[in-house]
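# Commentary on secondary and tertiary structure
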Amino acid sequence: MTDAVIILVIVVFLIFALKGSIKHFKGEGACCGGGSGSVKPKKPKKKKLDGPVVGRCTIRISGMHCQNCVNSVTSALNAIEGVSARVSLKDGSAEVSYDRAVDEAELKEAVEKAGFEAVSISWA
């Protein structure tokens, strides 16, 4: 009888853990400083460039799981002078527009400081 109760408790615990993990990887959980998950994370303001767009690139990013991850990467890239970024959780990428020369290392460093990995950069 005691064994059955212990097994039941373990099964219930595993069900809740699995449910939370699935929500996390679907981007619905309260990870990455998102709090309780009941409040939608604030999106960073769209950044307007000072001058005309002189180029674009796409950064493939690994490690993003939720909107808070997207917000972190967006803020980190937009902090670079002359850069405006749109980050997609679905695609695992950032579309970056720039109005002056931008160093690839600076873009990668911004993504990595936000806690993620810049897998590749494709210049358009």
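Everything numeric here is computed off the predicted structure, so don't read it as measured data.

Before going further, it helps to examine the nonpolar core. Within the largest apolar cluster, 24 residues are counted, with the highest numbers of intra-cluster contacts made by I59, I61, M64, V73, L77, V96 and L107. Counting only elements with at least two residues in this core, the list comes to β1 (55-62), α2 (67-78), β2 (83-88), β3 (93-98), α3 (104-113) and β4 (117-123). Sort the elements by how many residues they give to this core and α2 lands first, with five residues. Setting aside anything within four residues of it in sequence, one finds I61 in contact with V73, G92, S93, A94, V111, F116, E117 and V119.

Glancing now at the layout of surface pockets. The calculated volume of the largest pocket comes to roughly 440 Å³. Surrounding the largest pocket, 19 residues form its lining, K46, T74, A85, R86 and V87 being those nearest its centre. Taken together, the elements giving at least two residues each to the lining of the largest pocket come down to β1, α2, β2 and β3. The biggest single contributor to the lining of the largest pocket is α2, with five residues. For the lining of the largest pocket, the per-class residue count stands at six nonpolar, six polar and seven charged.

About the thresholds
Residues numbered from 1 in each chain as written. Predicted model: local features only at pLDDT ≥ 70, side-chain atom pairs only at ≥ 80, totals over all residues. Heavy atoms only, no water. Core = buried A, V, L, I, M, F, W, Y, C linked by side-chain atoms within 4.5 Å. Buried < 20%, exposed > 50% of the residue type's maximum accessible area, 1.4 Å probe, protein only. Helix = DSSP H or I, 4+ residues; strand = E, 2+ residues; numbered from the N terminus. Contact = heavy atoms within 4.5 Å. 1 Å grid on protein atoms, 1.4 Å probe; cavity = no way out; pocket = protein on both sides within 12 Å on 5 of 7 lines; lining within 4 Å. Points joined across faces, edges and corners; volume = space filled by probe spheres on them. Nonpolar A, V, L, I, M, F, W, Y, C, P; charged D, E, K, R; others polar.

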